[in-house]
Amino acid sequence: KRKDMITTMLVVAIAAVFVVQILCLVLLMDQDTTVATAVAPCIPDAQQQPQRPLSYYHQQHKINLDAKVPLVMVGTDGSGTRGVAAILQQLGVPLVVDDFVQLDVHAASIGGWTPLVRSALSHKDIDAVLSQYLLRELPPRWDQQYATHEHAAMSPTVSFAFKAPIAMTLIPQLRRIFDGRFKLVHVVRDGRDIAFSDNQSPVNKYYEVVHGKDGSDTHCKAMRLWNDWNVQAHRWMRDDPNYLVVRSEDLMSPRRGAVLQRLARFVDAPGVPCSLREVPQRGSYGKWKQLADAGMLQELNRIGKEGLELFGYVD
């Protein structure tokens, strides 16, 4: 009997040690998970899943489209709207696209943006034409064009989105047509870089409509439009909680992570994919420092003073 008792006690002791080891292992796993989350607060890229249209997710999650609003991306040509549009796509924003390189919509069915904007800048009423495009044509297209991976979460607050940089001049019309219920991402780049951009189509298309023929240098014209349009867009939207300014330079700097988090919160995305964290090369950002002589730089700073100060480009 004594031998049986000793055997039983040994079995119980061994079992107790085994249970303690399991508990310790579980605690260590929990600690490892906590540390990993703190070090890398982003969403790991999941394996690729079969693509499905967004209507599939509406049915699965009973998404109420009436609770969502459109999102518009604007900015001066060359400001970096394409990069921001690509980021928003990866955050689950359904982007309607005509040009799959620039990620733009061209409004071709209503004659394109150029005559529309020229009319608006000449104080002509374009609401009827623009509302036809924005309210009847674009919304059905996002479900036809946009497909997402099964693991990607859609923005719960954006019904559809489009990128039209020049629409920054049409914000009063957008507010009337959408009844004030839309999100606006305003992408800004240093106006001195814009002044030396190879793309001066806004100057060629719109400068004389606004300022007439004044004989200014092309760089100065570009800076004047940059200052006028970006400052005005900010004045129109600055008190609206659905307005977000993104400086494209910040996406090329150590501030990238903070900007990505702001974008994710703006569209109520669950988090930022880890693949977006890497800071890309700066490319041509800051080229004005090599291209502008002292006299030109002084003139650009004078013309763009308000905008350069407003968006933090002046020390």
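This one's a predicted model, so the numbers in the text were calculated from it and none came from an experiment.

What to know about the pairing of strand E7 (residues 243-247)
Both faces of the sheet carry side chains from a regular strand, because those side chains alternate between them.
Part 1: The buried fraction of E7 amounts to five of the five residues, a majority that puts the element mostly inside the structure.
Part 2: Every second residue of E7 is oriented toward a common face, with Tyr-243, Val-245 and Arg-247 on one face and Leu-244 and Val-246 on the other, all of them buried.
Part 3: Examined bridge by bridge, strand E6 (residues 183-188) and E7 share five bridges and lie parallel to one another. Opposite Val-188, over in E7, you have Arg-247 as the bridge partner.

Details of unusual backbone geometry
Part 1: Notably, Leu-103 is not glycine yet its phi reads approximately 65°, a positive angle.
Part 2: By secondary structure assignment, the location of Leu-103 is in the loop between strand E3 (95-96) and helix H4 (113-121).
Part 3: Judged by its relative accessible area of 8%, Leu-103 falls in the buried class.
Part 4: Phi at Asp-179 is positive, roughly 55°, even though this residue is not glycine.
Part 5: Tracing the chain through its elements places Asp-179 in the loop between helix H6 (171-177) and E6.

As for the confidence of the model for the protein chain
Part 1: On average, residues of the protein chain carry a pLDDT of 83, and 75% of them reach 70 or more.
Part 2: Scored below 50 in pLDDT, residues 25-40 shows zero contacts in the model against residues more than four places distant or in partner chains.
Part 3: Contacts for the low-pLDDT stretch residues 46-63, under 50 throughout, to residues beyond four places or in other chains number 36 contacts.

Here's the deal with the packing of aromatic side chains
Part 1: Applying the stated criterion across every chain, the model contains four aromatic pairs.
Part 2: Where Trp-226 meets Phe-311, the ring centres are 6.4 Å apart and the plane angle is 70°; that geometry is what we call edge-to-face. Here Phe-311 lies in the segment after helix H13 (305-310) and Trp-226 lies in helix H9 (residues 218-237), a separation of 85 residues in the sequence. Grouping residues by exposure puts Trp-226 and Phe-311 together as buried.
Part 3: Above the face of the Phe-266 ring, Lys-183 is positioned so that its terminal group lies 4.5 Å from the ring centre.
Part 4: We note Arg-189 situated over the ring of Tyr-285; from NZ or CZ to the ring centre the distance is 4.0 Å.

The rules we used
Residues numbered from 1 in each chain as written. Predicted model: local features only at pLDDT ≥ 70, side-chain atom pairs only at ≥ 80, totals over all residues. Heavy atoms only, no water. Buried < 20%, exposed > 50% of the residue type's maximum accessible area, 1.4 Å probe, protein only. Helix = DSSP H or I, 4+ residues; strand = E, 2+ residues; numbered from the N terminus. Pairing = 2+ DSSP bridges. pLDDT = per-residue confidence, 0-100. Contact = heavy atoms within 4.5 Å. Phe/Tyr/Trp six-rings, centres within 6.5 Å; stacked < 30°, edge-to-face > 60°. Lys NZ or Arg CZ within 6 Å of the ring centre and 35° of its normal.

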